[in-house]
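Structural features, examined
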Amino acid sequence: MFSRFQISHCPHNSKNNYGYFENFSAEFYRCLLQSFIIQMPTYKLTYFNARGYAEPARLLFHLAGVPFEDFRMTHGDGTWEKIKDSTPFGQVPVLSVDGTEIPQSMAIIRYLANQFGYAGKTPEEKAWVDAIVDQYKDFMSAFMQFVLAQHNGKPTEEVERLKTEVYAPAKETYIKILNGLLEKSKSGFLVGESLTFADLVVAENLFGLEKNEHFVAAEHPKLLALKENVYGIPAIKEYIKSRPDTQF
Ligand SMILES: N[C@@H](CCC(=O)N[C@@H](CS)C(=O)NCC(=O)O)C(=O)O
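Please read these numbers as outputs of a predicted model, since none were measured by experiment.

Focus on unusual backbone geometry
The omega angle of the peptide bond from V92 to P93 is 15°, so this bond is cis rather than trans. Here P93 is to be found in the loop between α3 (79-83) and β5 (94-97). Non-glycine residue Q104 carries a positive phi angle of around 70°. Examined against the element boundaries, Q104 turns out to sit in the loop between β6 (100-103) and α4 (105-116). For Q104, a relative accessible area of 48% translates into the label partly exposed.

Put into structure tokens, the structure is as follows:
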């Protein structure tokens with residue numbers, strides 16, 4: 001968002017013998033200053049009326065204080081069926097930036113975090129943030145296998161097998177990795193000295209797991225502290241007060 005200025009339209013007084021502009025007028029400087037004023041793109045985030053894969057990006061918008069349209073479709077009202085084929089990958093969330101669409105929840109939040117300064121401070125921090133988010137995605141893929149089997153009415157034995165053989169070990173690994181990172185952290189955040197989008201993704205995920213009784217945060221004080229840190233940030237706290245209370 002910092003690169004959207006255009007100074008070539010600003011008026012100048014004259015060109016010197018070499019063709020370079022010189023003797024810039026006061027008007028030129030005024031115009032230059034105006035050009036540097038940040039022009040915020042128009043953001044629209046399309047998703048269902050759920051936290052799900054869109055919530056970390058919503059948290060980030062509120063944290064950064066950047067306005068966006070939080071477009072929530074209602075399941076079964078036909079809106080999704082109408083727009084599905086015109087979305088980039090046939091799924092939501094989709095972020096529109098001045099009309100340019102970006103699919104995939106983690107690409108969206110990484111893009112926004114890079115714009116707003118929450119993607120990590122060095123290339124190594126950025127890599128760690130990405131690694132944690134990749135670990136979250138591995139966990140979610142195990143979680144979704146079990147949840148979808150249940151949702152689609154698969155036989156109880158199959159649901160149980162997915163729960164104990166796929167989901168439970170993935171959850172154990174995920175929680176162990178997060179705890180290990182927080183044990184070593186001096187800041188209480190997952191990477192570096194300050195909050196990154198990995199903290200938002202994980203804190204929101206812990207919130208959802210706790211809400212749906214897949215996780216007892218009190219049994220993991222470090223994870224609970226991370227979640228409370230994130231949810232205690234004034235801008236986020238303010239948003240949570242009015243966000244729709246959905247199951248997922
Ligand atoms: N990997 C994708 C998964 C997105 C996804 O599964 N979206 C679901 C909603 S949670 C969806 O669009 N479902 C409607 C459909 O597939 O028709 C992401 O992270 O954005």
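After that view, the rundown keeps rolling.
Examining the environment of F143
Mapped onto the fold, F143 is located in helix α5 (residues 123-151). By relative accessible area, which is 10% here, F143 ends up buried. On a C-alpha basis, the gap between F143 and V166 in space is 8.0 Å, while along the polypeptide they are 23 residues apart. Look past the residues within four positions of F143 in its chain and what remains in contact with it is Y167, L209 and H214.

Observations concerning the packing of helix α2 (residues 55-64) against helix α7 (residues 197-211)
At a closest axis distance of 9 Å, the pairing of α2 and α7 adopts a crossing angle of 125°. Between α2 and α7, the interaxial angle falls into the category oblique. α2 and α7 meet at a crossing whose hand is right-handed. For the pair α2 and α7, contact is made by E55, P56, L59, L60 and L63 and by L200, V201 and E204, respectively. Residue composition of the contact of α2 with α7, by class: 6 nonpolar, no polar and 2 charged.

Describing the side chain of T46
Relative to the helices and strands, T46 is located in strand β3 (residues 43-48). Judged by its relative accessible area of 10%, T46 is buried. Excluding residues that lie within four positions of it along the chain, T46 makes contacts with F71, M73, I83, V92, P93 and V94.

Examining the side chain of S96
Among the structural elements, S96 can be located in strand β5. On the basis of relative accessible area, S96 is assigned to the buried category, the value being 14%. Reaching out from S96, the side chain makes a polar contact with the backbone nitrogen of G99 at a distance of 3.3 Å.

Things to note about the site of the ligand
Neighbouring the ligand are the residues Y47, Y53, W80, K84, Q91, V92, P93, Q104 and S105. Between an oxygen atom of the ligand and a side-chain N or O atom of Q91, the distance comes to 3.1 Å. Q104 places a side-chain nitrogen or oxygen 2.8 Å from a nitrogen atom of the ligand. Protein burial of the ligand: of its 520 Å² of free accessible surface, 70% is covered by the chains. Its atoms largely coinciding with the cavity grid, the ligand occupies the largest pocket.

Examining the sheet that holds β6
By way of backbone hydrogen bonds, the strands of a sheet pair with one another, either parallel or antiparallel. Overall, mixed pairing links the 4 strands, which are arranged β4-β3-β5-β6 in an open sheet. The sheet terminates laterally at β4 (69-73) and β6, the two strands that pair on one side only. Each neighbouring strand pair of the sheet contributes to a mean axis angle of 20°, computed without reference to strand direction. Two elements, β5 and β6, share 4 bridges in a ladder whose sense is antiparallel. Bridging from a neighbouring strand, V97 pairs with T100 of β6.

The rules behind these values
Residues numbered from 1 in each chain as written. Predicted model: local features only at pLDDT ≥ 70, side-chain atom pairs only at ≥ 80, totals over all residues. Heavy atoms only, no water. Helix = DSSP H or I, 4+ residues; strand = E, 2+ residues; numbered from the N terminus. Buried < 20%, exposed > 50% of the residue type's maximum accessible area, 1.4 Å probe, protein only. Contact = heavy atoms within 4.5 Å. Axes fitted to C-alpha atoms, helices over the stretch in contact; angles between N-to-C directions. Parallel < 35°, antiparallel > 145°, perpendicular 65-115°, else oblique. Left-handed = near helix turned anticlockwise from the far one by under 90°. Nonpolar A, V, L, I, M, F, W, Y, C, P; charged D, E, K, R; others polar. Polar contact = N/O pair within 3.5 Å; in protein donor to acceptor, adjacent residues only side chain to side chain. Near = heavy atom within 4 Å. Areas by Shrake-Rupley, 256 points an atom, 1.4 Å probe, with all protein chains shown as cover. 1 Å grid on protein atoms, 1.4 Å probe; cavity = no way out; pocket = protein on both sides within 12 Å on 5 of 7 lines; lining within 4 Å. Sits in = over half its atoms within 2 Å of the grid points. Pairing = 2+ DSSP bridges.

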